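# Understanding the architecture of this molecule
Spelled out from the first residue to the last, the chains are:
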Amino acid sequence: MAGFFDYSESIGGPNTFGRCAITNVNGALHVCGTTADGTLQHSIVGANGFGDVGKATHNNPGDFGSVASAAIGDDLHVVATTGNGRLYHTIRFAADRHWQDFGDVKLVAPSAGVGGFGNVGCAAHGADLWVCGTTGDGWYTVRRSAGGWDTFKSLKQTAYTGDVGSISAVSLWERPDLGDGHVQVAFTGEDGVIYYNWIDPQTNDWTYAAGWPNTGTGITQQQGFGGVGTATFPGAGSGNPGSQDIAFVTSRGSGDFMQGSFDHAADPVLGLPGVWWHSVKSGGGGDVGAFGSAACTVVNGDMVMAGTTASGHIWLIRRRGDDDFGWP
């Protein structure tokens, strides 16, 4: 079918979602979302309807807001913020499909000076989980496979961010084409522009040490961005997003749903990449309402995107080529 697919409606809701996250776990598409009454819901496309994650644990904190997810092996890791500014982590184990009790990340990762979290992003790097939450600054930590969490570090203090004001939405993803793999972070600044950088986990060195490029560099300036999601494609080059090595998806203040792909040859003068932006609505998705959050992943080489609208529904769409949007 063409256009956006009303996923939450198709499986019986609930249709009160405000945020969502999607992750490909060995070919299975996992969808998480938080609802108006603060529940954290989980579903696997084609397998089951939504289930309340809090009810599957023994210590449900409730009042969930922002949510992000990542796959490590066959297991799904989920992080979410709560209304009181806490940040929680849980795991859905594939072997027996049970959920680990929620862990308060601030209690296990040294967090002196860290305020209350608003938004969160996460990404897997090997068997480690990188997590970043926003407080106006961006604070990141790592859950090590060997056990334990790293001390929270400030993006503004460890990687020069320039004058971006208050950091709001954030997304992380792994970039495997750089050596042993780098972890990339993107966030929206106070000016409504998406900024990005990536760190080498082996050396903790940031690629752009002198500042943060923005996604308008070299092509067209785009502003007014809200939530942001990111994914990595195999290969490199320009044209079809399936050959890009990085892609963005975001909502805008106008309620539009935007998808952007890197073009590394975009700015030969500065030597910086730029992003070609597409409106998914006008590009074939259709107008299903004003979007407030966005997420994306890669399934079988295609970019799969998800977003929540003002109606509380979660919508899915797949980009299969330059101008081919639809589902499945």
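As shown above, the structure is provided for reference.
To start, this report covers the structure provided alongside it. (Residues numbered from 1 in each chain as written. Predicted model: local features only at pLDDT ≥ 70, side-chain atom pairs only at ≥ 80, totals over all residues. Heavy atoms only, no water.)

### Focus: the side chain of Asn-119
Relative to the elements of secondary structure, Asn-119 occurs in the loop between helix H2 (105-108) and strand E10 (120-125). Polar contacts involving the side chain of Asn-119 include one to the side chain of Arg-19, which spans 2.6 Å. Leaving out residues up to four positions away in the same chain, Asn-119 has contacts with Arg-19, Ser-66, Thr-81, Cys-132, Gly-133, Thr-134, Ser-168, Ala-169 and Val-170. (Helix = DSSP H or I, 4+ residues; strand = E, 2+ residues; numbered from the N terminus. Polar contact = N/O pair within 3.5 Å; in protein donor to acceptor, adjacent residues only side chain to side chain. Contact = heavy atoms within 4.5 Å.)

### As for unusual backbone geometry
A negative phi angle is the norm for most residues apart from glycine, just as the trans form is the norm for most peptide bonds. A cis amide bond, omega 10°, links Gly-13 with the succeeding residue Pro-14. Note that Pro-14 resides in the loop between helix H1 (7-10) and strand E2 (17-25). Here the bond from Trp-327 into Pro-328 is cis, since omega is 5°, no more than 30 degrees from zero. Looking at where Pro-328 falls in the secondary structure, it is placed in the segment after strand E25 (324-326). The phi dihedral of Asp-63 is positive, around 55°, even though this residue is not glycine. For Asp-63, the location among the structural elements is in the loop between strand E5 (51-52) and strand E6 (64-72). Even without being a glycine, Arg-97 presents a positive backbone phi close to 65°. Mapped onto the secondary structure, Arg-97 falls in the loop between strand E8 (87-92) and strand E9 (103-104). According to the relative accessible area criterion, Arg-97 is exposed, its value standing at 63%. (Buried < 20%, exposed > 50% of the residue type's maximum accessible area, 1.4 Å probe, protein only.)

### What to know about the nonpolar core
Formed by 18 residues in total, the largest nonpolar core has its most connected members in Trp-130, Tyr-140, Leu-155, Leu-172, Phe-187 and Trp-206. Counting only elements with at least two residues in this core, the list comes to strand E11 (128-134), strand E12 (138-143), strand E14 (170-175), strand E15 (182-188) and strand E16 (194-200). Examining the composition of this core, we find that three residues originate from one element, E15, more than from any other. Core analysis: the second largest hydrophobic core is formed by 17 residues, Ala-109, Val-120, Val-131 and Phe-152 among them. (Core = buried A, V, L, I, M, F, W, Y, C linked by side-chain atoms within 4.5 Å.)

### Some remarks on the sheet that holds E8
Here four strands make up an open sheet; going across it, the order is E6-E7-E8-E9 and the pairing antiparallel. For this open sheet the edge positions go to E6 and E9, each flanked by a neighbour on one side alone. Bridging between E6 and strand E7 (residues 75-82) involves seven bridges; their strand directions are antiparallel. The partner of Ala-71 across the bridge, within E7, is Leu-76. (Pairing = 2+ DSSP bridges.)

### A look at the pattern of salt bridges
It is possible for side chains bearing opposite charge to pair when their charged atoms get close. Scanning the entire structure with this criterion turns up five salt bridges. We note a salt bridge from Arg-144 to Asp-128, for which the minimum N-O separation is 3.1 Å. Highlighted residues: Arg-144 in the loop between E12 and strand E13 (153-154) and Asp-128 in strand E11, separated in sequence by 16 residues. When its relative accessible area of 13% is taken as the criterion, Asp-128 is described as buried. Of the charged contacts in the structure, one is a salt bridge between Lys-281 and Asp-287, with a shortest N-O distance of 3.3 Å. Here the residues in one salt-bridge network are Asp-128, Arg-144 and Asp-150, joined through shared partners. (Salt bridge = Lys/Arg side-chain N within 4 Å of Asp/Glu carboxyl O.)

### What to know about the packing of aromatic side chains
Evaluation of the coordinates by the stated rule reveals 12 aromatic pairs. On the numbers, 5.8 Å between centres and 75° between planes, the contact of Tyr-7 with Phe-50 is edge-to-face. Separated by 43 residues along the polypeptide, Tyr-7 in helix H1 and Phe-50 in the loop between strand E4 (40-44) and E5 bring together distant segments of the chain. The burial state of Tyr-7 is the same as that of Phe-50; both residues are buried. (Phe/Tyr/Trp six-rings, centres within 6.5 Å; stacked < 30°, edge-to-face > 60°.)

### Description of the pairing of E12
Burial within E12 is extensive, with five of its six residues counted as buried. Of the pairings in the sheet, the one linking E11 to E12 comprises six bridges and is antiparallel in character. For Gly-133, the partnering residue across the bridge sits in E12 and is Trp-139. Adjacent in sequence and paired antiparallel, E11 and E12 are bridged by three residues, among which Gly-136 carries a positive phi angle near 110°. For E12 and E13, the ladder comprises two bridges, and the chain directions are antiparallel. The residue of E13 that forms the bridge with Tyr-140 is Lys-153.

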